[in-house]
Amino acid sequence: MTGALARLRADIVYGVGLLTRLPVGVLARDGLPYSMTRSVWTWPTVGAVCGLLGAGMFIALSHLRIAPLPAAALAVAAQLLLTGGLHEDGLADMADGFGGGRTRARKLEIMRDSRIGSYGMMALCLALLARVGAISTLPAGLALLVLPVAGALARVAMAGVLAVLPPARTDGLASTMARIPLPALAACMLPPLGLAPWLLGAWAGGWAILVTLAMGSAMAALAYRQVGGQTGDVLGAVACLGECVLLAAIPAALA
């Protein structure tokens, strides 16, 4: 295997292995440096695939005359099975830390605790309700367009927050991803930002991009104020909240 193909395979395996539960296996290093940051260009594609899975489930259940609300709930459940609830876990931990800690150190300590508290439970329930409710209102055909775009742009926001914020900890996965190679970052952001207006139309696509930028900027500012940077939980929360906001904003722009 050539060096370029080996790096491509490594990027795909690292990206899919990080963001999903798919059994991609363990890579032999083959002399290549271990670089999770180089895989960021795969994140929007993984997000789009998650969206396609949810949309496919929603459409299939709709054709079986399942009511929109339970069909949407099962569509979200399929996405959670694919991702292992990674982003939702991050949202819950971030909500607990930001809501329950008084100092930066205490916030980070709470976020590392695997137990879920009241703030995390409330944030998780509201996020899932928002996603299920938004999907349940979509015509089946429109879901096939909106969910993949929302999934991809939410991961663009996640990469953007990773790029602009320093690590809040000196350990943990996010601390190893402090420097994203510029080509990987460009390959992550430019295709989804370019495809959104083409797929959704200029107005709705531009609106989706502005919403992504606003949500990512707000989350970056909040994380910097609360803990001084990004963590894996913060990044997961960005992806989760990004989908919630975009699933509400895109259909509104298309109406």
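Please read these numbers as outputs of a predicted model, since none were measured by experiment. (Residues numbered from 1 in each chain as written. Predicted model: local features only at pLDDT ≥ 70, side-chain atom pairs only at ≥ 80, totals over all residues. Heavy atoms only, no water.)

What is the right way to read the UniProt feature "transmembrane region" (unreviewed entry) in the protein chain from this model?
The UniProt entry lists residues 12-28, 40-61, 116-136, 142-165, 177-196, 202-222 and 234-254 under the feature "transmembrane region" (unreviewed entry), expressed in the numbering used here. Annotated as 90% helix and 0% strand, the span residues 116-136 places its first and last C-alpha atoms 28 Å apart. (UniProt positions renumbered as here; feature names shortened; annotations may be inferred. Helix = DSSP H or I, 4+ residues; strand = E, 2+ residues; numbered from the N terminus.)

Which parts of the structure should I look at to understand unusual backbone geometry?
The general pattern is negative phi for most residues beyond glycine and trans for most peptide bonds. Positive phi outside glycine occurs at Arg65, with the angle close to 65°. Its place among the elements puts Arg65 in the loop between α2 (43-63) and α3 (68-83).

In this structure, what is going on with the confidence of the model for the protein chain? I would like to understand it.
Note: predicted coordinates in regions of low pLDDT should not be interpreted at a detailed level. On average, the protein chain scores 91 in pLDDT, and the residues at 70 or more come to 92%. Low confidence marks residues 28-33, where pLDDT is under 50. Its contacts with residues over four positions away, or in another chain, come to five contacts. (pLDDT = per-residue confidence, 0-100. Contact = heavy atoms within 4.5 Å.)

Just to check I follow, could you spell out helix α7 (residues 140-164) for this structure?
An α-helical turn contains 3.6 residues, so a residue and the one three or four places further along point in the same direction. Taking 1.5 Å per residue, 25 residues should reach 36 Å; α7 reaches 37 Å between its end C-alpha atoms and fits that length. Among the 25 residues that make up α7, 18 are buried, leaving the element largely enclosed by the rest of the structure. (Expected span 1.5 Å × (residues − 1). Buried < 20%, exposed > 50% of the residue type's maximum accessible area, 1.4 Å probe, protein only.)

Teacher, can you tell me more about a nonpolar patch on the surface here?
Among the surface-exposed residues, Trp203, Trp207, Leu210 and Leu213 lie close enough to one another that they form a single nonpolar patch of about 480 Å² accessible area. In this fold, Trp203 is placed in helix α9 (residues 202-227). Since its relative accessible area comes to 59%, Trp203 is described here as exposed. (Patch = residues over 30% accessible without salt bridge, like charges linked within 9 Å, V, L, I, M, F, W, Y side chains within 5 Å. Areas by Shrake-Rupley, 256 points an atom, 1.4 Å probe, with all protein chains shown as cover. Salt bridge = Lys/Arg side-chain N within 4 Å of Asp/Glu carboxyl O.)

Looking at this structure, I do not really get the environment of Leu185. What am I missing?
Position of Leu185 relative to the elements: it lies in helix α8 (residues 182-200). Given the relative accessible area of 16%, Leu185 is considered buried. Each C-alpha atom, one on Leu185 and one on Ala159, is 7.5 Å from the other, the two residues being 26 residues apart in sequence. If we ignore the near neighbours within four places in the chain, the residues touching Leu185 are Val40, Ala159, Ala163 and Ile180.

What is the right way to look at the side chain of Gln226 in this model?
Topologically, Gln226 is positioned in helix α9. If we skip the residues at most four places from it in the chain, Gln226 touches Phe98, Arg104 and Lys107.

Please clarify how empty space enclosed by the protein should be interpreted in this entry.
Gaps between atoms show up when a probe of the same size as a water molecule is rolled over them. Throughout the structure, instances matching the rule amount to two cavities of 30 Å³ or more. Considered as a void within the structure, the second largest cavity measures approximately 40 Å³ in volume. Along its surface, the second largest cavity is lined by Cys50, Gln79, Leu80, Thr83, His87, Glu88, Arg131, Arg155 and Glu243. Elements represented by at least two residues in the lining of the second largest cavity include exactly α3 and α4 (86-100). In terms of residue count, the dominant contributor to the lining of the second largest cavity is α3 (three residues). Looking at the lining of the second largest cavity residue by residue, the classes come out as two nonpolar, three polar and four charged. (1 Å grid on protein atoms, 1.4 Å probe; cavity = no way out; pocket = protein on both sides within 12 Å on 5 of 7 lines; lining within 4 Å. Points joined across faces, edges and corners; volume = space filled by probe spheres on them. Nonpolar A, V, L, I, M, F, W, Y, C, P; charged D, E, K, R; others polar.)

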